[in-house]
Amino acid sequence: MASVAEQYADNDNFLYDLVDITRQSIADHARMIYHRAVADFKSCDRQQFKKDSQKFLDLLLLQDTLLATRPEFRVGRWTEQAKSLGTTDDEKRMYEWNARVQITTWGNRYCADTGGLRDYAHKEWQGLLADFYYPRWKHYFEILQAELDGRLPMLPVGNSSTPKTDNPAMTIDWYAMEEPWTLDRTPYSATPEGDIVSLCKEITSHARR
């Protein structure tokens, strides 16, 4: 699609699909990089883990940049629509909070942690990726890197259903990281930015490297 994109640059439906398919391509590529990082960690290859975990983070930000080109993929569209329903500042604040928690923690700490509803409505949207998911992944990788570098005890990471209570990588207080974003009122724009065709071509080339 990227190779013929210039022929259909005036077709809005084509451009939407181009962004969506490129978004999925980045996500699929990042998943492979993530599994490489897991293998790096298990083999105690700290240098390669550093490279692969950074590449994963870079792809996440690349995806955020891509999604900025379409209003449908911007978190600002979601939050601005929610605020527009309010008739007072208190209502606008409440509606925006509800919109933010619905796509992240699904409510308060009890809902996120005890209820297990964190990320229930996971969205790959511009703004949400860079400001919400990126800091979480970065923090997680930093702890694993610290284990590989000998600054923290080297312990199995387990998985989300079998947490290791003595491992800092498995006992991160995610809600403490997430709640500030749900309460923040810094506005996100719903207006698209960037050239879709050139950006998708650049991303396609980047993903092949």
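Further up the page is the structure itself.
Here's what I pulled together on the structure shown here. (Residues numbered from 1 in each chain as written. Predicted model: local features only at pLDDT ≥ 70, side-chain atom pairs only at ≥ 80, totals over all residues. Heavy atoms only, no water.)

A few words on the overall build of the chain. Assigned secondary structure in the chain consists of eight helices and zero strands. Ordered by position from the N terminus, the helices and strands of the chain form the series α-α-α-α-α-α-α-α. Scored against the burial criterion, the 209 residues of the chain give a buried share of 39%. Of all intrachain contacts in the chain linking residues separated by at least 6 positions in sequence, the fraction that spans at least 24 positions is 67%. (Helix = DSSP H or I, 4+ residues; strand = E, 2+ residues; numbered from the N terminus. Buried < 20%, exposed > 50% of the residue type's maximum accessible area, 1.4 Å probe, protein only. Contact = heavy atoms within 4.5 Å.)

Across all of its chains, the model carries 16 aromatic pairs by this definition. Each ring, one from Tyr-16 and one from Phe-73, has its centre 5.2 Å from the other, and the planes form 20 degrees; the classification is stacked. Separated by 57 residues along the polypeptide, Tyr-16 in helix H1 (residues 12-42) and Phe-73 in the loop between helix H2 (46-67) and helix H3 (75-84) bring together distant segments of the chain. According to the relative accessible area criterion, Tyr-16 is partly exposed, its value standing at 28%. Taking relative accessible area as the criterion, Phe-73 reaches 7% and is therefore assigned buried. Relative to Tyr-133, the ring of Phe-132 has its centre 5.2 Å away and its plane inclined at 90 degrees; by these criteria the two rings are edge-to-face. (Phe/Tyr/Trp six-rings, centres within 6.5 Å; stacked < 30°, edge-to-face > 60°.)

The next subject is the nonpolar core. One finds Phe-49, Phe-56, Leu-66, Val-75, Leu-128 and Trp-181 to be the most contacted residues of the largest nonpolar core, which totals 40 residues. Taken together, the elements giving at least two residues each to this core come down to H1, H2, helix H6 (128-148) and helix H8 (196-207). Sorting elements by how many residues they give to this core places H6 first, with 10 residues. When sequence neighbours within four positions are dropped, the list of residues in contact with Trp-181 reads Val-75, Arg-100, Ile-103, Thr-104, Leu-128, Asp-131, Phe-132 and Tyr-188. (Core = buried A, V, L, I, M, F, W, Y, C linked by side-chain atoms within 4.5 Å.)

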